[in-house]
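Examining the three-dimensional arrangement
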Amino acid sequence: MPMVHEDQDRHKGFTRRILMLSCGKAALLSALVGRMYYLQVIEAEKYKTLAEDNRVNLRLLPPRRGNILDRFGVEVANNQQNFRVVVVKEQTPDLMATLDALAKLIKLSEHDYKRILRDVKRKRGFVPVTVKDNLSWDQVSSIEVNAADLPGASIEVGETRFYPYGANMSHILGYVAAVSEKELTGDPLLELPGFRIGKSGIEKYHDNDMRGQAGTSEFEVNAYGRVIRELSRNEGGSGREMILTVDAGLQTFVQQRLMSELSAASVVIDIQNGDVLAMGSVPGYDPSAFNLGLSSKQWNGLINNPYTPLTNKAIAGTYAPGSTFKMVVALAAMKEGIGALSHTAYCPGFMKLGNARFHCWKRGGHGTVNLIEGLQHSCDIYFYDVARRIGVDKIAEMANKFGLGEKVGIDLPGERSGVIPTKAWKEANIGEPWQGGETLVTSIGQGFVLATPLQLGVMTARIASGGKKVIPRLARGYREGAKTVAYPVPDFEDLGIPPEHMKMIYQGMDAVSNNPRGTAYKYRIKEEGWELAGKTGTAQVRRITLAERQAGIFKNEDLPWRRRDHGLFVAYAPVDNPRYACAVIVEHGGGSKSAAPIARDILLETQRRDPARTPALPLEQSAEITNLAGES
C-alpha cells in the first residue's frame, strides 16, 4: 500500500508540473500573439513606413543657379556640367579604406583627406560629402567600373559656375565657393555636396535671388544601399537670371585699357538713369579658380600681390581726389556769394598763411585768375583763396551733396565711404582742433580727403546732369521663367544748385579739355559732337620738403613706384548734351597724364558703342514684362 500512495503522489506532482508548464506556454504564446497583433495590426502603418524608408531614399537636389546677363542679354556667368564623386559615411563600413581605394583612381592630396574627414565629422551621417569635383570622363569611368570595391562612394552629376569673361568682369561678378562652417544656418540645402554660394560681387549681393529652391529625388535602394531605380523627381525651382546694367563689350574694353597700368580703376555711368555701364579694376583675377578650388600657392599669390587683385578698387580703393575736387569747392564758394567771374585771385606760385607757405603746382604761378580760369589751369592758389573765405564745413556740406564722404549705395558688397573732413570730424577722430592750413589743403583734394573712383564718377554724373542726385546701380532687372522684371528708374532728386552756378562749372571743365591752354587739351576728343569736358587731378602720396623744392623736385619717373603721385581724371561727354560720366584713377601713375588718355579712350569707345541708347533688357516677344512699381 505505501507503494501505491507514493505512485499517486508522484502522478499528482507530475500533473501539476505539466499544468504549470502548459500555463506558462500558453501565457508566452498569448504574449507572442498579442505582440504580433500589436506590431502587425495596431502599429502596421508605422512599420510599413519604416520598412519603406529602408527601401526608398529621399535626397535633396541642388537647384540650378540663375545666370547673370549683361544689358543686352549676353551671358557673363552661367553653369556647366560637372561630375563629382561623393561618399556617404553611414553607407561605408570603413571610410578610410574607401578613400584609399579612391586615391588609387583619382589624385587625393593630404589637404583633400583633411577636408573630407572634417566635412564628414561636421555633417550628418547620411549627407553625401564631396571627395573630388570636376572629374574627367576617364576618371568617372574608372570609378564606375570599380564601384563594387568603393562602398559608400558614388558619382553625381552637378553644375559648376563658369565665367566666360574671366578677369575682365571678376570684380563686378565676384565668385561662388563652397559653404564654410560659419555660413551654415541649418538650411539642409547648404549642406549638399558641391553646393556653392556667392562670396563677393553680384554673386554675393543677389545670392538669395539666384540660388533657387531645392528639388527632391526619391529612389529605391537594395540592402547594400545601391540605387536600383529612381521613383520620382522634382527638379525644384531655378534661381532668377539677373540682368545687369553693364555692357560686357565696353567692360572688356575698359578692363583691357586699364591694364596698360600696374594698378588702376575706372567707372562709366549713364547720367540719366544711374546705370553703371562699366566698372574696371586692375589687376583682376580668375573667378572660376575659386569655384574649382585654389591651391595654397595660388591663394598666397593673390593675397601677397602688392597690386591687390582681390580688391575692387572702384568701390573699395580710397584716394585723395586731388584737383578733381575743385568743382565742389567752386560750387561751395558760389553758394556763399564768392567765386563768380567778378572774383579773382592773384597767383604768384604760393600763398602765405602765418609762417607757412602753401604752393601752387606751377612754380611761377598763374597770375590773376577767375573761377573758370582757375579750373582751366587747375590753379591751387585760387582755391586756397576761396576756401579760406568760406571754411571747411561749407566745403564738406557741398561735397556730401555730390556723393562724397558717404556710401553712394551701389548694389555690391564692400563699398567704402571715403572721408570728407569737418572741424567736428577731426575733433572726434583725431582729438585735435582744426587748423586753417588744413582748409587750404582740403580745397585741392588733399589732406584728410578720401574718395573712391565710384564716388568721383557719381560726383561727375551729378554735375553733368545739371545737379540731379544720380544714384548708381548695377542690377537692371531679372528674369524668372517667362517673366522679365525691370527695376524702375528713380526720379532723381534735384540738389538745388542754381543753373548759373552749374554753367560756370561746365565752362571751366570744357576749358580744361578744349581750350589750348587747358591742362588736358592734349587728351581731348577730336571727333566733332563727341567732345568731352573734364578735370585733371594729381594726388601726392608723399610730402615735398622745403629742401627738395629748393634743390629741384624729383620727377615721378625718377622715384620708386610707391612714392609716385596718383593720377586722376574725371569727365563727361558729349559736351553739348551730356550722357556719360567717367572717372579714372591710376595708382602711382605720376599724375593726371596717366589717367586722362585712358578716360578719353573710354568715353570715345562708350560713345561709339552708345549702350545707353540701345534697348537694354533682353526681352522676348512672348515675355511678360513687369516692373517693381506694379505697372505692366
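Read on for an overview of the structure.

The rules behind the values
Residues numbered from 1 in each chain as written. Predicted model: local features only at pLDDT ≥ 70, side-chain atom pairs only at ≥ 80, totals over all residues. Heavy atoms only, no water. Helix = DSSP H or I, 4+ residues; strand = E, 2+ residues; numbered from the N terminus. Buried < 20%, exposed > 50% of the residue type's maximum accessible area, 1.4 Å probe, protein only. Contact = heavy atoms within 4.5 Å. Areas by Shrake-Rupley, 256 points an atom, 1.4 Å probe, with all protein chains shown as cover. Core = buried A, V, L, I, M, F, W, Y, C linked by side-chain atoms within 4.5 Å. Expected span 1.5 Å × (residues − 1). Arc of directions from axis to C-beta. 1 Å grid on protein atoms, 1.4 Å probe; cavity = no way out; pocket = protein on both sides within 12 Å on 5 of 7 lines; lining within 4 Å. Points joined across faces, edges and corners; volume = space filled by probe spheres on them. Salt bridge = Lys/Arg side-chain N within 4 Å of Asp/Glu carboxyl O. Pairing = 2+ DSSP bridges. Axes fitted to C-alpha atoms, helices over the stretch in contact; angles between N-to-C directions. Phe/Tyr/Trp six-rings, centres within 6.5 Å; stacked < 30°, edge-to-face > 60°. Lys NZ or Arg CZ within 6 Å of the ring centre and 35° of its normal. Patch = residues over 30% accessible without salt bridge, like charges linked within 9 Å, V, L, I, M, F, W, Y side chains within 5 Å.

Structural notes on the overall build of the chain
For the chain, the helix and strand inventory stands at 22 helices and 22 strands. Across the 632 residues that make up the chain, the buried fraction comes to 50%. Taking all contacts inside the chain whose residues are at least 6 apart in sequence as the whole, residues at least 24 apart take part in 74%. Carbon and sulfur atoms make up 52% of the accessible area of the chain, which amounts to about 30400 Å² in all.

Some points on the nonpolar core
In this structure, Met279, Phe402, Leu404, Leu454, Met459, Leu474 and Ile505 are the most contacted members of the largest nonpolar core, which totals 99 residues. Considering each element in turn, this core owes the most residues, 8 residues, to helix 13 (residues 326-335). Not counting chain neighbours up to four residues away, the residues in contact with Met279 comprise Ile172, Gln251, Ser266, Val267, Asn312, Ala314, Ile315, Leu412, Leu454 and Leu474. Formed by 28 residues, the second largest nonpolar core is a distinct cluster that contains Ala520, Ala599, Ile602 and Leu603.

A word on helix 4 (residues 110-122)
Here helix 4 is 13 residues long and its end C-alpha atoms lie 18 Å apart, about the 18 Å a rise of 1.5 Å per residue gives. Among the residues of helix 4, Asp112, Tyr113, Arg115, Ile116, Asp119 and Val120 are the ones counted as buried. Seen end-on, helix 4 carries its buried residues on one side only, within an arc spanning 165°. Structural note: helix 4 exposes Glu110, His111, Lys114 and Lys121 on the side pointing more than 90 degrees away from its buried face. The secondary structure elements touched by the buried residues of helix 4 are helix 3 (95-103) and strand 4 (129-132).

Some remarks on helix 20 (residues 499-514)
The end-to-end C-alpha distance of helix 20, which contains 16 residues, comes to 22 Å, matching closely the 22 Å that a straight helix rising 1.5 Å per residue would cover. Contact partners of the buried residues in helix 20: helix 13, helix 14 (371-377), helix 19 (453-464), strand 19 (533-539) and strand 20 (566-573).

Some thoughts on empty space enclosed by the protein
The full count for this structure, using the stated rule, is 2 cavities of 30 Å³ or more. When its volume is computed, the largest cavity comes out at roughly 50 Å³. Taken together, Ala332, Lys335, Glu336, Lys394, Glu397, Met398 and Lys401 form the lining of the largest cavity. Among the elements that make up the lining of the largest cavity, the one with the highest residue count is helix 16 (residues 392-401) (4 residues).

Quick look at the pattern of salt bridges
Summed over the entire model, instances satisfying the criterion amount to 25 salt bridges. The residue Arg118 makes a salt bridge to Asp119 at a minimum N-O spacing of 3.5 Å. Classification of Arg118 by relative accessible area gives partly exposed; the value is 46%. Looking at Asp119, the relative accessible area reads 10%, which means it is buried.

Here we look at the sheet that holds strand 12 (residues 276-282)
The antiparallel open sheet is built from 5 strands, whose spatial order is 12-11-21-20-19. Because the sheet does not close on itself, it has two edges, and the strands there are strand 12 and strand 19. Put simply, the sheet's adjacent strands are angled 5° from each other on average, direction ignored. Relative to strand 20, strand 19 runs antiparallel, the two sharing 7 bridges. When the sheet's bridge partners are listed, Thr538 is paired in strand 20 with Gly567.

Points about the environment of Glu527
With respect to the helices and strands, the residue Glu527 is situated in the loop between helix 20 and strand 19. Leaving out residues up to four positions away in the same chain, Glu527 has contacts with Leu604 and Arg608.

Looking at the packing of aromatic side chains
Here the distance between the centres and the angle between the planes together describe a pair of aromatic rings. Scanning all chains against the criterion turns up 11 aromatic pairs. Look at Tyr175 and Phe290: their rings are 3.9 Å apart centre to centre, the planes differ by 20°, and that puts the pair in the stacked class. Placement of Tyr175 in the loop between helix 6 (170-173) and strand 6 (176-178) and of Phe290 in helix 10 (residues 288-292) is noted, with a sequence separation of 115 residues between them. For Tyr175, a relative accessible area of 16% translates into the label buried. Summarising the aromatic geometry, the rings of Tyr285 and Phe290 are spaced 5.6 Å apart at their centres and angled 75° between planes, so their arrangement reads as edge-to-face. The two residues Tyr285 and Phe290 agree in class, both being buried. Linked through ring pairs, Tyr175, Tyr285, Phe290 and Trp299 together constitute an aromatic cluster. Residue placement shows Arg71 over the ring face of Phe72; its charged tip is 5.9 Å from the ring centre.

Describing a nonpolar patch on the surface
Taken together, Leu29, Leu32, Val33 and Met36 make up a surface patch of nonpolar side chains, about 380 Å² in accessible area. With respect to the secondary-structure elements, Leu29 resides in helix 1 (residues 2-42).

Distances and angles like these do not, on their own, reveal function.
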